[in-house]
Amino acid sequence: MTTHVLRHGPTDYSRRYLVNGDPARPIHLNEDGRQALTRGWSSLPLHSVRTWMASEFPRAQQTANLLMGVPGPELIIDPRLNELDYGDFEGGPFLDYAAWLDEHRADERPPASAESQIEGIRRMLTGVLAALDHPGPRVLVAHGLLVSVLLWHRARTPDQAMPLFFPEAPYVEPIAIPDEELPEFIGTLMNDLEGAERRAADTNGGRIFRNGNDSAVATVDSASPSHSQDQKDLPHA
Ligand SMILES: O=C(O)[C@H](O)COP(=O)(O)O
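Residues numbered from 1 in each chain as written. Predicted model: local features only at pLDDT ≥ 70, side-chain atom pairs only at ≥ 80, totals over all residues. Heavy atoms only, no water.

So, the sheet that holds strand β3 (residues 75–77)
Line of reasoning, step 1. Read across the open sheet, the five strands follow the order β3-β2-β4-β1-β5; overall the sheet is mixed. The sheet is open, and its two edges are formed by β3 and β5 (175–178), each paired on a single side. Across the sheet, the mean angle from the axis of one strand to that of its neighbour is 25°, orientation sign disregarded.
Line of reasoning, step 2. Both strand β1 (residues 2–7) and β5 contribute to a ladder of four bridges, which runs antiparallel. (Pairing = 2+ DSSP bridges. Helix = DSSP H or I, 4+ residues; strand = E, 2+ residues; numbered from the N terminus. Axes fitted to C-alpha atoms, helices over the stretch in contact; angles between N-to-C directions.)

Things to note about the site of the ligand
Line of reasoning, step 1. Around the ligand, the surrounding shell holds 12 residues, and the nearest of these are Arg7, Arg59, Tyr86, His143 and Gly144.
Line of reasoning, step 2. Contact between the ligand and arginine 59: an oxygen atom at 2.8 Å from a side-chain N or O atom of the residue.
Line of reasoning, step 3. Taking glycine 144, its main chain carries an N or O atom lying 2.6 Å from an oxygen atom of the ligand.
Line of reasoning, step 4. When isolated, the ligand has an accessible area of 310 Å², and the protein chains bury 95% of it.
Line of reasoning, step 5. For the shell around the ligand, the class distribution of residues is three nonpolar, six polar and three charged. (Near = heavy atom within 4 Å. Polar contact = N/O pair within 3.5 Å; in protein donor to acceptor, adjacent residues only side chain to side chain. Areas by Shrake-Rupley, 256 points an atom, 1.4 Å probe, with all protein chains shown as cover. Nonpolar A, V, L, I, M, F, W, Y, C, P; charged D, E, K, R; others polar.)

A word on the packing of helix α2 (residues 31–43) against helix α3 (residues 58–68)
Line of reasoning, step 1. Where α2 contacts α3, the two axes come as close as 10 Å, and the packing angle between them is 55°. Our classification of the angle between α2 and α3 gives oblique. Here α2 runs over α3; the crossing is right-handed. Across the interface between the two elements, Arg34, Leu37, Gly40 and Trp41 of α2 pack against Gln62, Thr63, Leu66 and Leu67 of α3.
Line of reasoning, step 2. Across the contact of α2 with α3, the residue classes tally to four nonpolar, three polar and one charged. (Parallel < 35°, antiparallel > 145°, perpendicular 65-115°, else oblique. Left-handed = near helix turned anticlockwise from the far one by under 90°. Contact = heavy atoms within 4.5 Å.)

Topic: helix α4 (residues 94–103)
One turn of the α-helix equals 3.6 residues, which is why residues spaced by three or four share an orientation.
Line of reasoning, step 1. Taken residue by residue, α4 has Phe94, Tyr97, Ala98, Trp100, Leu101 and Asp102 as its buried positions.
Line of reasoning, step 2. Buried positions along α4 lie against α5 (117–130). (Buried < 20%, exposed > 50% of the residue type's maximum accessible area, 1.4 Å probe, protein only.)

A word on the environment of proline 73
Line of reasoning, step 1. Secondary-structure assignment places proline 73 in the loop between α3 and β3.
Line of reasoning, step 2. Given a relative accessible area of 35%, proline 73 falls into the partly exposed group.
Line of reasoning, step 3. In this structure the C-alpha to C-alpha distance between proline 73 and histidine 8, which are 65 residues apart in sequence, comes to 18 Å.

A word on the nonpolar core
Generally speaking, a soluble globular protein has its nonpolar side chains buried in company with each other.
Line of reasoning, step 1. One finds Tyr97, Leu125, Val128, Leu146, Leu150 and Leu189 to be the most contacted residues of the largest nonpolar core, which totals 42 residues.
Line of reasoning, step 2. Of all the secondary-structure elements, those providing two or more residues to this core are α4, α5, β4 (138–142), α6 (144–155), β5 and α7 (182–203).
Line of reasoning, step 3. Of the residues forming this core, the biggest block, seven residues, is contributed by α7.
Line of reasoning, step 4. With residues near it in sequence (within four places) discarded, leucine 189 still touches Leu125, Val149, Leu150, Trp152, His153 and Met162.
Line of reasoning, step 5. Ala36, Leu37, Trp52 and Tyr171 belong to the second-largest nonpolar core, a separate cluster that totals 17 residues. (Core = buried A, V, L, I, M, F, W, Y, C linked by side-chain atoms within 4.5 Å.)

In C-alpha coordinates, the structure reads:
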(Lines give C-alpha, C1' and ligand atoms only; values in the text may rest on other atoms or scores of the structure.)
Protein backbone atom coordinates (compact mmCIF):
# COMPACT_ATOMS: atom_id res chain seq x y z
CA MET A 1 0.00 0.00 0.00
CA THR A 2 0.97 3.63 -0.33
CA THR A 3 0.68 6.88 1.62
CA HIS A 4 0.17 10.02 -0.45
CA VAL A 5 1.19 13.24 1.30
CA LEU A 6 0.27 16.59 -0.19
CA ARG A 7 0.02 20.26 0.59
CA HIS A 8 -3.44 21.83 0.51
CA GLY A 9 -4.50 24.13 -2.36
CA PRO A 10 -3.55 27.82 -2.44
CA THR A 11 -5.21 30.44 -0.25
CA ASP A 12 -5.04 34.22 -0.43
CA TYR A 13 -2.76 34.03 2.59
CA SER A 14 -0.33 31.50 1.18
CA ARG A 15 -0.16 33.29 -2.17
CA ARG A 16 0.94 36.42 -0.30
CA TYR A 17 3.47 34.44 1.77
CA LEU A 18 1.74 35.26 5.03
CA VAL A 19 2.22 32.57 7.67
CA ASN A 20 -0.67 30.86 9.40
CA GLY A 21 0.13 28.33 12.09
CA ASP A 22 -3.05 28.82 14.11
CA PRO A 23 -5.83 26.46 13.01
CA ALA A 24 -8.49 28.66 14.60
CA ARG A 25 -8.09 31.24 11.85
CA PRO A 26 -10.70 30.76 9.12
CA ILE A 27 -8.43 30.72 6.09
CA HIS A 28 -9.89 28.81 3.16
CA LEU A 29 -8.94 27.93 -0.39
CA ASN A 30 -9.31 30.71 -2.93
CA GLU A 31 -10.50 30.20 -6.50
CA ASP A 32 -6.98 29.16 -7.54
CA GLY A 33 -7.03 26.72 -4.66
CA ARG A 34 -10.19 25.03 -5.88
CA GLN A 35 -8.83 24.90 -9.43
CA ALA A 36 -5.59 23.34 -8.19
CA LEU A 37 -7.51 20.32 -6.95
CA THR A 38 -7.73 18.99 -10.49
CA ARG A 39 -4.06 18.07 -10.06
CA GLY A 40 -5.05 15.77 -7.23
CA TRP A 41 -7.87 14.25 -9.25
CA SER A 42 -5.41 13.14 -11.89
CA SER A 43 -2.57 12.02 -9.59
CA LEU A 44 -4.34 10.25 -6.72
CA PRO A 45 -5.97 6.81 -6.86
CA LEU A 46 -9.21 8.44 -5.70
CA HIS A 47 -11.45 5.40 -6.10
CA SER A 48 -9.26 3.10 -4.02
CA VAL A 49 -8.25 5.46 -1.17
CA ARG A 50 -9.31 3.91 2.15
CA THR A 51 -8.04 6.55 4.58
CA TRP A 52 -8.28 10.31 4.29
CA MET A 53 -6.44 12.39 6.88
CA ALA A 54 -5.92 16.12 7.28
CA SER A 55 -4.55 18.63 9.74
CA GLU A 56 -6.80 20.76 11.92
CA PHE A 57 -6.61 23.64 9.45
CA PRO A 58 -9.68 24.53 7.37
CA ARG A 59 -7.68 24.72 4.12
CA ALA A 60 -6.37 21.18 4.56
CA GLN A 61 -9.77 19.75 5.45
CA GLN A 62 -11.40 21.62 2.58
CA THR A 63 -8.80 20.21 0.19
CA ALA A 64 -9.38 16.66 1.46
CA ASN A 65 -13.16 16.94 1.34
CA LEU A 66 -13.18 18.34 -2.18
CA LEU A 67 -10.75 15.70 -3.39
CA MET A 68 -12.61 12.78 -1.87
CA GLY A 69 -16.01 13.89 -3.20
CA VAL A 70 -19.39 12.89 -1.83
CA PRO A 71 -20.03 10.47 -0.32
CA GLY A 72 -16.54 9.98 1.04
CA PRO A 73 -15.14 8.08 3.99
CA GLU A 74 -14.86 9.90 7.29
CA LEU A 75 -12.01 12.42 7.32
CA ILE A 76 -9.57 11.72 10.15
CA ILE A 77 -8.17 14.89 11.71
CA ASP A 78 -4.65 14.60 13.07
CA PRO A 79 -3.15 17.72 14.74
CA ARG A 80 0.30 16.24 14.25
CA LEU A 81 -0.06 17.24 10.61
CA ASN A 82 -0.61 20.90 11.52
CA GLU A 83 1.59 23.66 10.15
CA LEU A 84 4.25 25.07 12.46
CA ASP A 85 3.11 27.28 15.32
CA TYR A 86 4.59 30.65 14.34
CA GLY A 87 3.80 32.36 17.64
CA ASP A 88 4.11 36.12 17.39
CA PHE A 89 4.84 35.86 13.67
CA GLU A 90 1.31 34.60 13.06
CA GLY A 91 -0.36 36.41 10.17
CA GLY A 92 2.80 38.27 9.17
CA PRO A 93 5.14 37.88 6.18
CA PHE A 94 7.05 34.63 6.03
CA LEU A 95 10.23 36.61 5.51
CA ASP A 96 9.88 38.15 8.99
CA TYR A 97 9.83 34.68 10.51
CA ALA A 98 12.65 33.60 8.18
CA ALA A 99 14.81 36.50 9.33
CA TRP A 100 14.21 35.53 12.95
CA LEU A 101 15.03 31.90 12.25
CA ASP A 102 18.20 32.84 10.44
CA GLU A 103 19.34 34.78 13.49
CA HIS A 104 18.37 32.08 15.98
CA ARG A 105 18.47 28.31 16.17
CA ALA A 106 16.25 25.63 14.68
CA ASP A 107 15.80 24.27 18.20
CA GLU A 108 14.62 27.64 19.55
CA ARG A 109 10.94 28.47 19.88
CA PRO A 110 9.86 31.76 18.31
CA PRO A 111 8.29 34.19 20.77
CA ALA A 112 4.87 32.91 21.94
CA SER A 113 5.25 29.69 19.93
CA ALA A 114 4.86 26.26 21.51
CA GLU A 115 7.49 24.66 19.29
CA SER A 116 10.79 25.13 17.56
CA GLN A 117 11.25 24.26 13.91
CA ILE A 118 12.86 20.97 14.91
CA GLU A 119 10.06 20.13 17.33
CA GLY A 120 7.47 20.97 14.71
CA ILE A 121 9.06 18.83 11.99
CA ARG A 122 9.40 15.92 14.43
CA ARG A 123 5.72 16.19 15.33
CA MET A 124 4.73 16.21 11.65
CA LEU A 125 6.89 13.19 10.83
CA THR A 126 5.38 11.30 13.76
CA GLY A 127 1.96 12.02 12.27
CA VAL A 128 2.98 10.69 8.87
CA LEU A 129 4.36 7.48 10.35
CA ALA A 130 1.21 6.99 12.43
CA ALA A 131 -0.81 6.91 9.23
CA LEU A 132 0.33 3.31 8.89
CA ASP A 133 -2.17 2.48 11.67
CA HIS A 134 -4.93 3.11 9.14
CA PRO A 135 -5.73 1.06 6.05
CA GLY A 136 -4.11 2.07 2.78
CA PRO A 137 -3.99 3.56 0.33
CA ARG A 138 -4.05 6.77 2.38
CA VAL A 139 -4.11 10.46 1.54
CA LEU A 140 -2.69 12.95 4.05
CA VAL A 141 -3.42 16.63 3.42
CA ALA A 142 -0.89 18.72 5.29
CA HIS A 143 1.19 21.87 4.86
CA GLY A 144 4.19 23.44 3.23
CA LEU A 145 6.89 22.71 5.75
CA LEU A 146 6.20 18.98 5.98
CA VAL A 147 5.94 18.54 2.22
CA SER A 148 9.11 20.58 1.71
CA VAL A 149 11.01 18.34 4.13
CA LEU A 150 9.78 15.16 2.42
CA LEU A 151 10.69 16.50 -1.02
CA TRP A 152 14.10 17.59 0.21
CA HIS A 153 14.74 14.08 1.52
CA ARG A 154 13.70 12.54 -1.79
CA ALA A 155 16.12 14.77 -3.72
CA ARG A 156 19.02 14.95 -1.25
CA THR A 157 22.54 13.89 -2.04
CA PRO A 158 24.25 11.36 0.25
CA ASP A 159 25.51 12.91 3.52
CA GLN A 160 23.72 16.20 2.87
CA ALA A 161 22.79 17.79 6.18
CA MET A 162 19.27 19.05 6.75
CA PRO A 163 19.13 22.76 5.83
CA LEU A 164 17.45 25.51 7.78
CA PHE A 165 15.38 26.58 4.79
CA PHE A 166 13.74 24.39 2.18
CA PRO A 167 12.37 25.03 -1.29
CA GLU A 168 8.72 25.94 -1.17
CA ALA A 169 6.41 22.96 -1.58
CA PRO A 170 4.07 22.80 -4.56
CA TYR A 171 0.33 22.74 -3.94
CA VAL A 172 -1.70 19.55 -4.39
CA GLU A 173 1.14 17.44 -5.74
CA PRO A 174 1.17 14.17 -3.82
CA ILE A 175 4.37 12.48 -2.68
CA ALA A 176 3.74 8.75 -2.83
CA ILE A 177 5.60 6.68 -0.24
CA PRO A 178 5.16 2.88 -0.30
CA ASP A 179 4.46 1.28 3.10
CA GLU A 180 7.64 -0.73 3.00
CA GLU A 181 9.68 2.48 2.61
CA LEU A 182 7.84 4.73 5.02
CA PRO A 183 9.44 3.67 8.35
CA GLU A 184 12.96 4.09 6.99
CA PHE A 185 12.01 7.31 5.19
CA ILE A 186 10.75 8.82 8.44
CA GLY A 187 13.46 7.22 10.57
CA THR A 188 16.21 8.78 8.48
CA LEU A 189 14.64 12.21 8.81
CA MET A 190 14.27 11.72 12.58
CA ASN A 191 17.99 10.99 12.72
CA ASP A 192 18.63 14.14 10.70
CA LEU A 193 16.71 16.12 13.29
CA GLU A 194 18.81 14.63 16.09
CA GLY A 195 21.95 15.60 14.22
CA ALA A 196 20.55 19.06 13.67
CA GLU A 197 19.86 19.41 17.38
CA ARG A 198 23.40 18.34 18.23
CA ARG A 199 24.86 20.85 15.80
CA ALA A 200 22.63 23.57 17.17
CA ALA A 201 23.80 22.82 20.69
CA ASP A 202 27.44 22.67 19.58
CA THR A 203 27.31 26.01 17.86
CA ASN A 204 25.35 27.50 20.74
CA GLY A 205 23.36 29.73 18.44
CA GLY A 206 24.36 31.62 15.38
CA ARG A 207 24.15 30.52 11.84
CA ILE A 208 23.51 26.84 11.71
CA PHE A 209 21.81 24.45 9.32
CA ARG A 210 23.07 26.08 6.24
CA ASN A 211 22.81 24.07 3.10
CA GLY A 212 25.20 21.15 2.91
CA ASN A 213 27.95 23.34 1.49
CA ASP A 214 27.55 25.97 4.23
CA SER A 215 26.43 28.51 1.69
CA ALA A 216 23.95 31.27 2.40
CA VAL A 217 20.38 30.60 3.38
CA ALA A 218 18.67 28.67 0.64
CA THR A 219 16.70 30.64 -1.88
CA VAL A 220 16.54 27.71 -4.16
CA ASP A 221 14.83 26.72 -7.30
CA SER A 222 11.61 24.90 -7.69
CA ALA A 223 11.01 21.65 -5.84
CA SER A 224 8.68 20.65 -8.60
CA PRO A 225 8.53 21.04 -12.36
CA SER A 226 5.13 22.67 -12.01
CA HIS A 227 6.37 25.36 -9.66
CA SER A 228 5.29 28.71 -10.98
CA GLN A 229 7.59 31.67 -11.27
CA ASP A 230 5.91 33.48 -8.40
CA GLN A 231 6.83 30.67 -6.04
CA LYS A 232 10.55 30.90 -6.72
CA ASP A 233 13.28 32.58 -4.79
CA LEU A 234 11.51 32.64 -1.47
CA PRO A 235 12.98 30.60 1.32
CA HIS A 236 10.61 28.31 3.13
CA ALA A 237 10.95 26.77 6.50
O1 LIG B 1 5.22 27.84 6.39
C2 LIG B 1 4.68 28.71 5.72
O3 LIG B 1 5.26 29.51 4.99
C4 LIG B 1 3.26 28.80 5.66
O5 LIG B 1 2.71 28.62 6.89
C6 LIG B 1 2.84 27.80 4.63
O7 LIG B 1 1.88 27.01 5.14
P8 LIG B 1 0.77 26.41 4.25
O9 LIG B 1 1.34 25.22 3.55
O10 LIG B 1 -0.29 26.05 5.20
O11 LIG B 1 0.38 27.45 3.24
